[in-house]
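A closer look at the structure
Residues per chain are reported as follows:
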Amino acid sequence: MSIKRANSRRIALALCALAPAAVLLPAGPALAQFSESYKFLDAVRKKDGDKVNEALQNPASQIVNTKDVSTGETALHIVTQRRDLLWMQFLVGKGANVNARDNKGVTPLVVAANLNFLEGVDFLISVGARVDDPNNTGETPLITAVHGHNLAMVRALLKAGANPDRPDNSGRSARDYATLDHAEAISDELEAAAKKRQTGKAAQTYGPTF
């Protein structure tokens, strides 16, 4: 085999080896969008207000709801995780989706509940967070609050309409977990809420009954 043919063969093999990696990279506009999303989320993590404001200048932009490619987290997930109420308010004011789910099905409300971050829970509820949205294991914010023995959070979620009998993927509800944990004060709150829901359903029954 000539030196020229050998070199050509080595180059071809090298290109074949690189091909799979190249396929994974976005190209053209997609690569630009990927880059802008990364820079925006990085600025949010670093609390770089100037860069975040610059990225949000275009009112038609959806970058406020862009997701981390590895975790699925949005900017609102990130600032909720650091218990930063001011940034949460700012991002929601810019159109952040309060019910966005990451790769594990976690919403910002679930993040706040996991952190026992009552102020965050109250704020997210006030701007339309769905209180019964679970993560991928079926755990709702209310179940999380029961696990954390956080009576104030349980009350806030129940007041917002959380269902004490919604089960997770194991079939257990917030009421079940409160009973298992012997959390009497929380159990009383959940029982009262369950009865109130049943009474409400009965009051909505129309027509004759047989």
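Procedures and definitions
Counting from 1, residues in each chain are numbered in the order their sequence is written. Per-residue local features are limited, in this predicted model, to residues with pLDDT of at least 70; the limit for side-chain atom pairs, both in listing and counting, is 80 or more; totals at the level of whole chains, interfaces and linings are taken over all residues. Each side-chain value is derived from all of the structure's non-hydrogen atoms; neither hydrogens nor water enter the calculation. Working definition: helices are DSSP H or I runs of at least four residues, strands are E runs of at least two. Numbering for both runs from the N terminus. Throughout this description, buried means an accessible area under 20% of the type-specific maximum (1.4 Å probe, protein chains only), exposed means over 50%, and partly exposed covers the range between. Residue contacts are counted whenever heavy atoms from the two residues lie within 4.5 Å of one another. Here the open area of atoms and residues is found with the Shrake-Rupley method and a 1.4 Å probe, where only the protein chains shown may cover a residue. For helices, the fitted line uses only the C-alpha atoms of the stretch in contact; every axis is such a line through C-alpha atoms, and the angle between N-to-C directions lies from 0 to 180 degrees. Comment on the angle field: the value is read as roughly parallel under 35 degrees, roughly antiparallel over 145, roughly perpendicular from 65 to 115, and oblique elsewhere. When residue character is reported, Ala, Val, Leu, Ile, Met, Phe, Trp, Tyr, Cys and Pro are called nonpolar, Asp, Glu, Lys and Arg charged, and the others, Gly included, polar. UniProt positions are given in the numbering used here, feature names are shortened, and annotations may be inferred rather than shown by experiment. Each Phe, Tyr or Trp ring, with Trp reduced to its six-membered ring, pairs with another whose centre is within 6.5 Å; inter-plane angles below 30 degrees give stacked pairs, above 60 give edge-to-face pairs, and intermediate values give tilted ones. Geometrically, a charge over a ring is one whose NZ (Lys) or CZ (Arg) sits within 6 Å of the ring centre while staying within 35 degrees of the ring normal. Buried and open spaces are told apart on a 1 Å grid over the protein atoms alone, a cavity being a set of points where a 1.4 Å probe fits but cannot get out and a pocket being an open set with protein on both sides within 12 Å along at least five of seven lines. Residues with an atom within 4 Å of a point are the lining residues. Grid points are joined across faces, edges and corners, and a volume is the space filled by probe spheres set on the points.

The name given to the protein in an unreviewed UniProt entry is Ankyrin repeat protein, with Novosphingobium capsulatum as the source organism.

Here we take up the overall build of the protein. Of the regular secondary structure elements, the protein holds 11 helices and 0 strands. Counting from the amino terminus, helix and strand elements in the protein follow one another as α-α-α-α-α-α-α-α-α-α-α. Burial analysis of the protein (210 residues in total) assigns 38% to the buried set. Excluding contacts between residues fewer than 6 apart, the proportion of contacts in the protein whose partners are at least 24 apart in sequence is 65%. A total accessible area of about 12,600 Å² is found for the protein, and carbon and sulfur atoms account for 55% of it.

Two numbers describe how helix 7 (residues 118–126) lies on helix 9 (residues 151–159): the axes approach to 10 Å, and their chain directions differ by 5°. Of the possible angle classes, the one that applies to helix 7 and helix 9 is roughly parallel. Contacts between helix 7 and helix 9 involve Leu-118, Val-121, Asp-122 and Ile-125 from the former and Ala-152, Met-153, Ala-156 and Leu-157 from the latter. Looking at the contact of helix 7 with helix 9 residue by residue, the classes come out as 7 nonpolar, no polar and 1 charged.

This part covers the UniProt feature "repeat: ANK" (unreviewed entry) in the protein. Here the UniProt feature "repeat: ANK" (unreviewed entry) sits at residues 71–103, 104–136 and 137–169. With 48% helix and 0% strand, residues 104–136 has end C-alpha atoms that lie 6 Å from one another. Between the first and last C-alpha atoms of residues 137–169 the distance is 6 Å; the span itself is 48% helix and 0% strand.

One pass over the structure, following the stated rule, counts 1 aromatic pair. Residues Trp-87 and Phe-90 carry aromatic rings whose centres are separated by 6.0 Å and whose planes lie at 75° to one another, so their mutual orientation is edge-to-face. Taken together, the positions of Trp-87 and Phe-90, both in helix 5 (residues 85–93) and 3 residues apart, correspond to about one turn of that helix. A residue is classified by how much of its surface remains accessible, and Phe-90, at 27% relative accessible area, is partly exposed. In this structure, Arg-82 is placed above the aromatic ring of Trp-87, and the distance from its NZ or CZ to the ring centre is 5.2 Å.

Time to look at the layout of surface pockets. Over the atoms rolls a probe the size of a water molecule, and its path tells where empty space is left. Considered as a void within the structure, the largest pocket measures approximately 230 Å³ in volume. Lining the largest pocket are Glu-36, Lys-39, Phe-40, Asp-42, Ala-43, Lys-46, Asp-48, Lys-51, Val-52, Glu-54, Ala-55 and Ile-63. Listed by contribution, the elements that provide at least two residues to the lining of the largest pocket are helix 2 (29–45) and helix 3 (49–55). Broken down by element, the lining of the largest pocket gets its largest block of residues, 5 residues, from helix 2. Within the lining of the largest pocket, the residues separate by chemical class into 5 nonpolar, no polar and 7 charged. Taken as a whole, the second largest pocket spans an internal volume of roughly 180 Å³. Taken together, Arg-155, Leu-158, Lys-159, Gly-161, Ala-162, Pro-164, Glu-189, Ala-192, Ala-193, Lys-196 and Arg-197 make up the full set of residues lining the second largest pocket. Elements with a contribution of two residues or more to the lining of the second largest pocket: helix 9 and helix 11 (184–203). For the lining of the second largest pocket, the element with the highest residue contribution is helix 11, accounting for 5 residues. For the lining of the second largest pocket, the per-class residue count stands at 5 nonpolar, 1 polar and 5 charged.

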